[in-house]
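Summary of the model geometry
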Amino acid sequence: MPKITYVQPDGERRSIPVDAGATVMLTAVANGVPGIVAECGGAAMCATCHVYLDEDSQEVVPPVSEVENEMLESAASGRRNNSRLGCQIAMPPGVDEIVVHIPSHQV
Amino acid sequence: MHEGVVIVGSGQGGFQAAASLREEGHPGPVTLIGEEPGLPYQRPPLSKGFLLGKTTAQQLELRPAAFYAERGIELLAGERVMAIDRAARTVRLASGAMRAYAHLVLATGARPRMPRIPGVDLAGVQALRTGADARGLLQRLGAARRLVVVGAGFIGLEVAVVARELGLEVDVLEFAERAMLRSVSAPVAAYLTDALVKRGVRFHFSTGAEAFGGEQGQVRTVLTNRGDTLAADLVVVGAGVEPDDLLAREAGLRVQGGIVVDAALLTSDPAISAIGDCARFPAPYSAQPLRLESVQNAVDQARCVAARLAGKSAPYDKVPWFWSDQGENRLQIAGVAEAADEAVLRGDVAGGKFSVLRLRGGRLAAVESINSAADHMAARKLLAARVTLTREQAADTSFKLASLAAA
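Reading guide: rules and limits
- Residues numbered from 1 in each chain as written.
- Chains lettered and ligands numbered in written order.
- Predicted model: local features only at pLDDT ≥ 70, side-chain atom pairs only at ≥ 80, totals over all residues.
- Contact = placed C-beta atoms within 7 Å.
- Helix = DSSP H or I, 4+ residues; strand = E, 2+ residues; numbered from the N terminus.
- Nonpolar A, V, L, I, M, F, W, Y, C, P; charged D, E, K, R; others polar.
- Axes fitted to C-alpha atoms, helices over the stretch in contact; angles between N-to-C directions.
- Left-handed = near helix turned anticlockwise from the far one by under 90°.
- Pairing = 2+ DSSP bridges.
- Buried ≥ 20, exposed ≤ 12 C-beta atoms within 10 Å, placed from the backbone.
- Expected span 1.5 Å × (residues − 1).

On to the interface of chain B and chain A, then. Taken together, the contact between chain B and chain A spans 18 residues of the former and 14 residues of the latter. Of all the secondary-structure elements, those providing two or more residues to the side of chain B that touches chain A are helix 3 (65-70), helix 8 (295-309), strand 21 (321-326) and helix 9 (373-384) of chain B. Partitioned by chemical class, the residues of the side of chain B that touches chain A number twelve nonpolar, three polar and three charged.

Angle between the axes and distance between the axes are the two parameters that describe a pair of packed helices. Residues and elements named next belong to chain B. Contact pair helix 1 (residues 12-23) / helix 8: the axes reach a minimum separation of 8 Å and the direction vectors enclose 35°. The element helix 1 and its partner helix 8 pack so that their crossing is right-handed. Contact residues: helix 1 offers Q12, G13, Q16, A17, S20 and L21, while helix 8 offers V295, A298, V299, Q301, A302, R303, V305, A306 and L309. Grouping the constituent residues of the contact of helix 1 with helix 8 by class yields nine nonpolar, five polar and one charged.

Residue and element names in this part refer to chain B. What the five strands build is an open sheet, ordered 9-16-10-11-12; its pairing is parallel. Unpaired on one side and paired on the other, strand 9 (125-127) and strand 12 (202-205) mark the two borders of the sheet. Along the sheet, successive strands turn relative to each other by an average axial angle of 20°, direction set aside. As defined by bridge partners, strand 10 (residues 146-150) adjoins strand 11 (residues 169-174) across five bridges and the pair is classed as parallel. Paired with V148 across the strands is D171, a residue of strand 11. In this fold helix 4 (residues 131-143) packs onto strand 9 and strand 16 (234-237), with an angle of close to 140° to the strand it touches most, strand 9.

Turning next to the sheet that holds strand 23 (residues 342-348) of chain B. All names here are of chain B. Spatial ordering of the open sheet is given by 21-22-25-24-23, a layout of five strands whose pairing is antiparallel. With partners counted over all chains shown, the strands left at the sheet margins are strand 21 and strand 23, one partner each. Between one strand axis and the next, the sheet turns through 15° on average, direction left out of account. Where strand 23 and strand 24 (residues 353-360) come together, seven bridges link them in antiparallel fashion. By the bridge assignment, V344 is partnered in strand 24 with L357.

Residues and elements named next belong to chain A. Position of T23 among the secondary structure elements: in the loop between strand 2 (13-17) and helix 1 (24-30). Judged by the 22 C-beta atoms lying within 10 Å of it, T23 falls in the buried class. Between the alpha carbons of T23 and I98 there is a distance of 10 Å; along the sequence they are 75 residues apart.

Three or four residues apart is the spacing at which side chains of an α-helix point the same way, because the helix has 3.6 residues per turn. Residue and element names in this part refer to chain B. The terminal C-alpha atoms of helix 8, which comprises 15 residues, lie 21 Å apart, in line with the 21 Å expected from a rise of 1.5 Å per residue. Of all 15 residues making up helix 8, 13 are buried, and the element is well covered by its neighbours. Directly after helix 8, the chain includes G311, whose backbone phi takes a positive value near 90°.

Our next topic: the pairing of strand 3 (residues 50-53) of chain A. Residues and elements named next belong to chain A. Taking every second residue as pointing to the same face, both faces of strand 3 are buried, with H50 and Y52 on one and V51 and L53 on the other. As paired strands, strand 3 and strand 4 (residues 83-85) are joined by three bridges and run antiparallel to one another. Among the inter-strand pairings, H50 is bridged to a residue of strand 4, identified as L85. Bridge analysis of strand 3 against strand 5 (residues 97-101) gives two bridges, and the strand direction is antiparallel. By the bridge assignment, Y52 is partnered in strand 5 with H101.

Before going further, it helps to examine the pairing of strand 13 (residues 209-215) of chain B. Residue and element names in this part refer to chain B. Pairing geometry for strand 13 and strand 14 (residues 218-224), over six bridges, is antiparallel. Looking at the pairing, G213 lines up with T221 of strand 14. Hairpin connection, strand 13 to strand 14: the antiparallel pair is bridged by two residues, and Q216 has positive phi, about 50°.

Structure below.
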């Protein structure tokens, strides 16, 4: 089964099996993964589900949309080239694993 | 025994208070009491994705059941608090159970205001606040053909967009002369109204509902105060809310259009806080105490109270922000405008990407953004920094809000 792996700032890793289409944000919230706040519930309104995508994972997910791009500019932990909003990343079909790194703070 | 924190109301604010207390390392019991059955859930999608089938009931849940169990949060769902005994520091539940508190947090929220007019109890006339309201509406939308929305506020317009998408005929009645009169400036209201008109929504401004007519208990018509009769098999009332302050009032707490709290969000009883939609609080940027209805307000006030109970007391001073999704248009608001504030337009209205800056005495008071997330996020920072801005700077789009925020 495909999985999303969350890496905490201290290096702790947790992998959660998911179906294709599951988002990084909803999966984290539903499984109590710390560090994903998701205040707006997935509307790309709050930038509190910010994650850093692992290098290998960057190629398998669709690119950043205009709205996501603008919201990421103001994420609480600094934006990097691999910054994404977890609510905007869904597990693509046929992909085994997405790895995301959780930033030190979201608000 | 270590006495704990009891939270009345399990909406966004109550949930966040419980979660934040544990994040802050609160050692004692935490009890979260909500009138609605089931797990605490988020309300914003109820008027948007949920009605379109894009958001499932499970996705609305703020956290799974295990979250509460793992953190030792006692969740009493489907339980109503009947009374607060301030002398004994206990609350009494409808089931007869009692809970003692060292501190009580009132997060009782608000209830939809329903017009007291004939026919308001007919089937097919409803408000939209709770999950049960939304499930009822979802079911009715499937069979309905003609929707009348009473009130052109956020909820009313969001429902109107969804209903058009589902193929219903939609009429919107609004007592004021334009939509969202209390919440946004005229240019933003005009843009969003126009977008809905293009989708086929019919607006009736300066028009109220006087009666709902029915057949066999089911709504069939809406009679307006202009004497017109509109056909309807579904009516959604989005005419604002009243703070749910009955419990506080009966307990003798100070109540005035909401539960009155101080800058630390304490009520007139220092063992009781109030947060979210039900609380009227002093804001550094407003001459009058405010009562705000938003996720941000509920969440940030919950965090403020949890931090105080953990010994990190600080006045509540967060910048308010709001959003509304109306079809392809995203409205984001930072700050709280007053009717008299100046409105300065920046951006491309025809292209559907602009912001309206609201200025009060040379200070930025609020920014309303249409499809302009960068402006919105910059505005939050500018408002937090309480910047002064001339009218010229506000109108000059070569003067980037984001660069000012970063400076």
